[in-house]
Amino acid sequence: MVDYRVEDQFAILEINNPPVNALSLHVREGLLNGVLRASADNNVKAIILIGKGKTFPSGADIKEFSRPGKAPWLPEVGHTIESSNKPVFSALHGTALGGGLEIALFSHYRIAEKTAKVGFPEVHLGLLPGAEGTIRLPRLTGLVIAMEMITSGRQVSAKEALKFGIVDKVVEGNLLKETKAFAKSVLGQPLEPRKLSLCGVKDADQVDKYYEAALKELLKKYRGVIAPVSCLKSIRGSAQLPYKEAAELERTLFSELMSGAQSAALRYSFFAERAASRWNLPNGASSANSKPLTIKSAAVIGAGTMGSGIAICLIRSGIPVILVEQNEKMLENALRNIGYILQGSVKLGRMTVDQRSDCLRILQGAASIEKLKDVDIVIEAVYENLKLKQEIFEKLDKICKPTALLCSNTSTLDIDLIASVTSKPDRVAGTHFFAPAYIMKLLENIYGSKTSPITVATIMDLGKKIGKISVLSKTCDGFIANRMNKIGTEAAFLVEEGALPHDIDQVLEDFGMPMGVFKVSDLSGIDIGWSIRQEMAKKQGITLTLETHYVSGERYSSLADRLYNLGRLGLKTGKGWYRYNNASNSRKPIIDPDVTDMILNHCEKLRIKRRQISPQEIIERCLYATVNEGFKILEEGVAEKPEDIDIVWQYGFSFPRYRGGPMFYASQVGLKKVYERICYYHESFPYSKHWLPSDLLKKLVSHPNEVPINLWMNYTNSKL
Ligand code: 3H9
């Protein structure tokens, strides 16, 4: 794991632990022993630490954090490096992150290859740099930069690291050779001034001022998240306390974070995100044995908000797009709008003027689908109507080349029904983007019963290429995301029973959702939900009225229909569940007594007895109903693993990452407790079939050993 050799009187300790040279036990042992050996060797004048392969260590081994650890610990290795009687040089390339950067900060000198990046990403794992990174970095950079780098987890370039004083030299070419050359130029110089444990923090007298300012920012930016504040406290300690005491404080704060629920959820999320990109189909095909096709050109059908957003994602990644729209005026508007959106990206510094021009150069509009005969993939993004989509796919089937993939951006419709009108159903799949498509990171890919592994591999690969987090779902009504989301349904019932929309929104926001469900509904438009409900009623041959309380034996709330009838369509009309001050163009929701009156009136008419509803009940009703559906989704194989579900929620619905996702959250509450509450609500609300307990959840609770323990279960703190 650490190869030791001596060359030109340099002991080279080459760290070899692919893929990212994480500082696992054997690496720590190798470094410790290597430094001791080199320090005792009279033929060695200096020691060089370098990473083999693509990077210097990118951190501690995160997998080890969930197991009982073993010495030597990283600080011990670090102090052995610093107290060596020979100068130690860290030669950085790739990503020198977390514990890797800490090792470098224990070294006497740091040389970075031009493309290297350094940083402390621990905060993204709900941690702080726990091997004295919070004590050492401020000694090099001063407090302000250290606070910014550590609380944000930002990676900085070698050039910036040189400017901040983190590295001593940036080199090009052969890193080892350049490090040796640098080392020769400083050999013989005293080591004491190079030991950060002996240095002070130069702007220590300003610490209170910097701390207060940074804290204010953090509390605003990361509501409810613990780690950034702990990072800040530890950095404050570095300036206020003697080195040893500061290191002790850091260790205490690190241990507190490590044993907490937020870090468990964030570490789980790190691996869940990577696990979601791996997939297995029931027929044995998988990401490991299926090769994607190369997509060199694409078409998007429908130039509405979704279609335009999807086109942006593709052209931004260099894939030429034909945007098809029958309505020429709409097409013109869409092309102009795309130009504006990209202009906005230039203003925000996310792309250059030239990159914008390159994007627009590979975008062309077309009024008919006849032009699509050569494209590699078509993504249809028209109105959510099965008949319309089937007509389009029937035409595409005749026009496109036989190898072209035909995809639909449907958010609910059965892919098999869409594929059934084509002669090549193996080439048909769903690519469900989330609005706004050019911002939201999630791509929910859907396979039907005939979709081929190559098609699946290609859309999963395409997601990665266009910078999305792709998750695979089997086709069903609503797929993973929309099928599982019961928050809106339960929230409406809770309002009927006694809560008010702003009470529910407050509880959900306190839980960590960026926006409550009623605010989201106002933002997207009350008419959207109304059309879906009308469509559903039409299909069932039912007429919905404002007094409808049950539909096909299922409880139904007509509260949102009342809003629709009043013309309260949300933000766009200045009124919805809330009121908005449109005169000042404000998007700030204001509680509206008219809505309260409307709700009370509705309850009176339907003779619903209102009662006091606790925040705990709001969370349970909204989330446990969702979790129960999540288990059904697993049971039916719609999602392959709980990680896929949680990643959908993090990236599709902004579920707080520090809670892991609904499935992980449930496991932290305790599955037994969640199951019991689901049973209780099932008894209380027999007319809502989403409370019918999932068989899989029941089995997990009663016979845990029969259910395979997966990654998700490894991370649960409370187990069952
Ligand atoms: C720390 O250092 C604490 C210390 O301060 C104090 C200790 C006392 N450990 O992301 P990729 C795996 S905390 C274990 O796809 P990329 C990853 O799961 C740590 N495994 O590659 C994946 O496995 P698989 C602070 C790790 O090129 C594979 O490597 N450091 C670790 O897109 C490839 O990963 C961090 O938080 C790890 N540390 O990106 C850095 N890192 O193939 C976390 C990666 O089975 N890592 N793996 O799915 C990263 O940010 C990115 O992986 C990196 C490379 C930028 C390095």
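Refer to the preceding data block for the structure.
Keep in mind the model is a prediction, meaning the values are calculated, not measured.

What counts as what
Residues numbered from 1 in each chain as written. Predicted model: local features only at pLDDT ≥ 70, side-chain atom pairs only at ≥ 80, totals over all residues. Heavy atoms only, no water. Helix = DSSP H or I, 4+ residues; strand = E, 2+ residues; numbered from the N terminus. Buried < 20%, exposed > 50% of the residue type's maximum accessible area, 1.4 Å probe, protein only. Pairing = 2+ DSSP bridges. Axes fitted to C-alpha atoms, helices over the stretch in contact; angles between N-to-C directions. Contact = heavy atoms within 4.5 Å. Salt bridge = Lys/Arg side-chain N within 4 Å of Asp/Glu carboxyl O. Parallel < 35°, antiparallel > 145°, perpendicular 65-115°, else oblique. Left-handed = near helix turned anticlockwise from the far one by under 90°. Nonpolar A, V, L, I, M, F, W, Y, C, P; charged D, E, K, R; others polar. Expected span 1.5 Å × (residues − 1). Arc of directions from axis to C-beta. Near = heavy atom within 4 Å. Polar contact = N/O pair within 3.5 Å; in protein donor to acceptor, adjacent residues only side chain to side chain. Areas by Shrake-Rupley, 256 points an atom, 1.4 Å probe, with all protein chains shown as cover.

(A) The environment of Asn 333, seen in detail. Its location among the elements puts Asn 333 in helix α13 (residues 328-347). A relative accessible area of 34% places Asn 333 in the partly exposed class. Between the C-alpha atom of Asn 333 and that of Ala 303, which follows or precedes it by 30 residues, the distance is 8.8 Å.

(B) Focus on the sheet that holds strand β7 (residues 117-119). Across the sheet, which stays open at both edges, the three strands sit in the order β5-β7-β8 with mixed pairing between neighbours. The open sheet has two edge strands with one neighbour each: β5 (95-97) and β8 (155-157). When the angles between neighbouring strand axes are averaged without regard to direction, this sheet yields 25°. Direction of pairing for β5 relative to β7: parallel, over a ladder of three bridges. Bridge pairing links Ala 96 to Val 118 in β7. Strand contacts of helix α3 (residues 99-106): β5 and β7, with the helix running at about 80° to β5, the strand carrying the most contacts.

(C) Layout of the pattern of salt bridges. Following the criterion strictly, the structure yields 41 salt bridges and no others. Among the salt bridges present, the one from Lys 389 reaches Glu 380, with a minimum N-O distance of 2.6 Å. Given the relative accessible area of 1%, Lys 389 is considered buried.

(D) Summary view of the packing of helix α25 (residues 615-635) against helix α27 (residues 662-669). Where α25 meets α27, the axes come as close as 9 Å, and the angle between the chain directions of the two elements is 110°. Overall, the two elements α25 and α27 adopt an arrangement that is roughly perpendicular. The element α25 and its partner α27 pack so that their crossing is left-handed. Here Ile 619, Leu 623, Tyr 624, Val 627, Gly 630, Phe 631 and Leu 634 of α25 lie close against α27, whose contacting residues are Pro 662, Met 663, Tyr 665, Ala 666 and Val 669. Of the residues assigned to the contact of α25 with α27, the class counts are eleven nonpolar, one polar and no charged.

(E) Representation of helix α24 (residues 593-605) in the model. In this model, α24 (13 residues) spans 18 Å end to end at C-alpha, consistent with the 18 Å of a helix rising 1.5 Å per residue. Within α24 the residues assigned to the buried category are Val 595, Thr 596, Met 598, Ile 599, His 602 and Cys 603. For α24, the arc enclosing every buried residue in end-on projection is 160°, short of the 170-degree limit, so these residues lie on one face. Exposed residues lying more than 90 degrees from the buried face of α24 are Pro 593 and Glu 604. Where α24 is buried, its residues meet α19 (487-497), α20 (501-511) and α23 (559-565). In the segment just after α24, Arg 607 is the residue with positive phi, at about 55°.

(F) View of the site of the ligand. Around the ligand, 25 residues are found, and the nearest of them are Ala 60, Gly 99, Glu 102, Glu 122 and Arg 274. For the ligand, an oxygen atom lies 2.8 Å from a polar atom in the side chain of Glu 102. In the model, an oxygen atom of the ligand is placed 3.1 Å from a nitrogen or oxygen of the Gly 130 main chain. When the free accessible area of the ligand is taken as 1,100 Å², the share hidden by the protein chains comes to 75%. Among the secondary structure elements, those contributing two or more residues to the shell around the ligand are α3 and α11 (261-276). Here the shell around the ligand is built from residues that sort into 13 nonpolar, six polar and six charged.

(G) Seen up close, the sheet that holds strand β6 (residues 109-113). Strand order in the open sheet made by the six strands is β1-β2-β3-β4-β6-β9, with mixed pairing throughout. The sheet is open, and its two edges are formed by β1 (2-7) and β9 (169-171), each paired on a single side. With strand direction ignored, the average angle separating the axes of adjacent strands in the sheet is 25°. The pairing of β1 with strand β2 (residues 10-15) spans six bridges and is classified as antiparallel. Note on β2: the bridge partner recorded for Tyr 4 is Leu 13.

(H) Quick peek at unusual backbone geometry. Cis peptide bonds are those with omega within 30 degrees of zero, and the linkage from Pro 18 to Pro 19 qualifies with 5°. For Pro 19, the position within the fold is in the loop between β2 and α1 (25-40). Even without being a glycine, Ser 654 presents a positive backbone phi close to 55°. With respect to the helices and strands, the residue Ser 654 is situated in the loop between α26 (642-652) and α27.

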